[in-house]
Amino acid sequence: MPLYDCMLLLKPTVLKEALMDLVSRVGRHVIARNGVLTEIKSFGIVELGYGIKKLDGRYFQGRLMQMKMMATPNINKELHYLNKEDRLLRWIVVKHRNVELGPTYDDDED
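Right, let's walk through the structure included here.

About the thresholds
- Residues numbered from 1 in each chain as written.
- Predicted model: local features only at pLDDT ≥ 70, side-chain atom pairs only at ≥ 80, totals over all residues.
- Heavy atoms only, no water.
- Helix = DSSP H or I, 4+ residues; strand = E, 2+ residues; numbered from the N terminus.
- Buried < 20%, exposed > 50% of the residue type's maximum accessible area, 1.4 Å probe, protein only.
- Contact = heavy atoms within 4.5 Å.
- Pairing = 2+ DSSP bridges.
- Core = buried A, V, L, I, M, F, W, Y, C linked by side-chain atoms within 4.5 Å.
- Axes fitted to C-alpha atoms, helices over the stretch in contact; angles between N-to-C directions.

**Here we look at the overall build of the protein chain**
Per the secondary structure count, the protein chain includes two helices and four strands. Listing every helix and strand of the protein chain by position from the N terminus yields β-α-β-β-α-β. The buried share of the protein chain, taken over its 110 residues, is 35%. Intrachain contacts of the protein chain at a sequence separation of at least 6 include 77% that bridge at least 24 residues.

Next up, the structure:
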C-alpha cells in the first residue's frame, strides 16, 4: 500500500471535540479498508494567503491537520464525502513518491 498525506484545513471556530470527531471518522474509514494511520499532526491555527469564501463568511485563518496513512490507491475517491462537511474549508490527499518503508538489506555486507 502506498503512503499518503491527507491535509485537512478546518474553520478556525471548530471546537476540539468536533475536530477530533472528524479526524477519527477519517481514521476509521481508512482502517476499515485495511489501511494504517502512521501519524497525525496538528499545526494549529494558520494564516491563509487569501480568504476562502464559504456560505457563512470568508475565512482568512484555518486549523491545519495532517494525517499520514498507508491506504489503497482509491482512498481519494472514497474520501469525497468530505466535500459535504461544513466544518472543512479545504482537503487534499497527496501520494508520497519513491518512499521505501522498512529496513533494506544489502547482500554485499557481511
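**Considering the pairing of strand β1 (residues 3-10)**
Residues in a regular strand project their side chains so that they alternate between the two faces of the sheet. In terms of burial, β1 is largely enclosed, as seven of its eight residues are buried. Two strands pair when backbone bridges link them, and β1 and strand β3 (residues 57-70) are joined in this way by eight bridges, in the antiparallel orientation. Looking at the pairing, D5 lines up with K68 of β3. Of the pairings in the sheet, the one linking β1 to strand β4 (residues 88-95) comprises seven bridges and is antiparallel in character. Within β4, the residue paired with M7 across the bridge is I92.

**Comments concerning the nonpolar core**
Formed by 20 residues in total, the largest nonpolar core has its most connected members in L8, L10, M69, I75, L79 and L82. For this core, the secondary structure elements donating two or more residues are β1, α1 (16-32), β3 and β4. Per element, the largest residue contribution to this core is five residues, and it comes from α1. Counting residues in hydrophobic clusters, the runner-up holds six residues, among them L9, L48, I52 and L89.

**A word on the sheet that holds β1**
Through backbone hydrogen bonds, the strands of a sheet pair up, either in parallel or in antiparallel fashion. The strand order across the open sheet built from four strands is β2-β3-β1-β4, with neighbouring strands paired in antiparallel fashion. If you trace the sheet from one side to the other, it starts and ends with β2 (36-54) and β4, each paired once. For this sheet the average axis-to-axis angle between neighbouring strands, irrespective of direction, equals 15 degrees. The strands touched by α1 are β1, β2, β3 and β4; relative to β3, the strand with the most contacts, the crossing angle is about 35 degrees.

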